[in-house]
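# Structural features, examined
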Amino acid sequence: MRMKRFGHIIYIGFLLMVTSCFTGVESTRKITDKEVEKVVEPSREDQFISGYFPQIGCAEWEIGKQFYYTDSLLTPVLRPENGGFSAGSLQGKIFTYAGYREETLFGDRYEVTLRFTSDGNTYLYRTGKTLPELRQLNYMPLIPPFIDLTDVQTARALLKGRVLYVKTPIWYDDSGSVISGRKLIPVTITEILPGNSVLPIKVRFTDDTGMVGNVFMSLFTSDQSQFITFDRLFSFDDPRLKYKEIQDDVWDSITREKVRTGMTKDECTLSLGLPAEVRKIPTYSGLKEQWYYNSGTYLFFADGLLVDFRL
């Protein structure tokens, strides 16, 4: 009798296991990260970059394409065609793409060498790839001192004279020294210039007080690059409109990356960013928090409001 009951229990368990496979929950397909990304609408800033600054591989370059050279010395990846070149700084020189040639060192494998001219000299860049490989990979040569002048000119035509909202208070003067600016404020773009070998675009602007500042950026979207990108530096929309409940004097502190007692956690986060560490401290009067930043700044909250801090 016990064996019959035991077998009956196993049979019921088997039926439950099989039935569970068709509940509509277990059979639901897992959504991948790529599908989630497709659902997220790209920002206006991302659309601006992807729409006006497509990354074109060198296999599709037109002869005559020009590059601004940012360094004083010739990079090792470029070699003069004649074995030598005139002494002196190359900074500020214009290099013009003069086409490519296919060379073979290993029989039937023909690799592409790009050719550039500047001041009557010809310079070569060996890609190490065949022409089909260049086209398949949408290959871009790694020549850090080169800044694509087409990108500079396009950015100048699209942005010069426009009012944008700068997201960083770290500005530079024309000599390259860091100056203290403000963030989340309107600025008028006055010029777009070649930047440096890391961040190729230099954006000059003035704020509502007439203060002049510069920032450097790359022309990738933030999901393509670890560097400082347009969408991380500027907004087309006024961020103040998202925070109408914040008082004007508090907002002024936020734009200067300052805090003051009485500010909420959200307001402090807008001003200083997220902390590196948060400690919750039980007290007789309730739970208090201490926020610590890598810069040495700490904030002390009670009942959700800032009561003490050190910057």
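Residues numbered from 1 in each chain as written. Predicted model: local features only at pLDDT ≥ 70, side-chain atom pairs only at ≥ 80, totals over all residues. Heavy atoms only, no water.

## Looking at the sheet that holds strand β5 (residues 121-126)
- As summarised here, the arrangement of the six strands in space is β2-β5-β4-β3-β1-β6, forming an open sheet in which the pairing is antiparallel. Of all the strands in the sheet, the pair left with one neighbour each is β2 (79-80) and β6 (146-148).
- In terms of strand pairing, strand β3 (residues 94-106) meets strand β4 (residues 109-118) through eight bridges, oriented antiparallel. Counted as the bridge partner of Tyr100 is Leu114 from β4.
- Packed onto the sheet, helix α5 (residues 149-159) meets β1 (66-69), β3 and β6 and runs at close to 45° relative to β6. (Pairing = 2+ DSSP bridges. Helix = DSSP H or I, 4+ residues; strand = E, 2+ residues; numbered from the N terminus. Contact = heavy atoms within 4.5 Å. Axes fitted to C-alpha atoms, helices over the stretch in contact; angles between N-to-C directions.)

## So, α5
- Along α5, the positions that sit buried rather than exposed are Leu149, Val152, Ala155 and Leu159. Looking down the long axis of α5, one finds its buried residues gathered within 125° of arc, a one-sided arrangement.
- Between the side-chain oxygen at the start of α5 and the backbone nitrogen of Thr150 there is a gap of 2.9 Å, and the oxygen is on Asp148.
- Looking one or two residues past α5, Gly161 carries a phi angle of roughly 90°, positive in sign. (Buried < 20%, exposed > 50% of the residue type's maximum accessible area, 1.4 Å probe, protein only. Arc of directions from axis to C-beta. Polar contact = N/O pair within 3.5 Å; in protein donor to acceptor, adjacent residues only side chain to side chain.)

## Notes on the sheet that holds strand β14 (residues 277-283)
- Strand order in the open sheet formed by four strands is β14-β15-β16-β17, and the pairing between neighbours is antiparallel. Lying at the two open borders of the sheet, with one neighbouring strand each, are β14 and β17 (305-310). Across the sheet, the axes of successive neighbouring strands diverge by a mean angle of 20°, strand direction being ignored.
- Sheet topology note: the strand β16 (residues 298-302)/β17 ladder contains five bridges and is antiparallel. Its bridge partner lying in β17, Phe300 is registered against Asp308.

## Regarding the packing of aromatic side chains
- The final tally for this structure, using the stated rule, is 23 aromatic pairs.
- Seen in terms of ring centroids, Trp61 and Phe67 are 5.1 Å apart; in terms of plane orientation they differ by 50°. Their pairing is tilted. Just as Trp61 is buried, Phe67 falls in that class too.
- Through a chain of ring-to-ring contacts, the aromatic side chains of Phe48, Tyr52, Phe53, Trp171, Phe205, Phe230, Phe234 and Phe236 assemble into a single cluster.
- Between Arg279 and the ring centre of Tyr292, over which it is positioned, the NZ or CZ distance is 4.6 Å. (Phe/Tyr/Trp six-rings, centres within 6.5 Å; stacked < 30°, edge-to-face > 60°. Lys NZ or Arg CZ within 6 Å of the ring centre and 35° of its normal.)

## Some remarks on unusual backbone geometry
- Even without being glycine, Leu184 reaches a positive phi, approximately 60°.
- Topologically, Leu184 is positioned in the loop between β9 (178-180) and β10 (185-194).
- One non-glycine residue with positive phi stands out, namely Glu257, at about 55°.
- Mapped onto the fold, Glu257 is located in the loop between α7 (248-255) and α8 (265-272).

## Considering the side chain of Thr229
- Take Thr229: it is sitting in the loop between β12 (212-217) and α6 (230-233).
- A polar contact is formed between the side chain of Thr229 and the side chain of Asp231, at a distance of 2.7 Å.
- Not counting chain neighbours up to four residues away, the residues in contact with Thr229 comprise Met217, Ser218, Phe220, Thr221 and Ser222.

What is shown is where atoms sit, not what they do.
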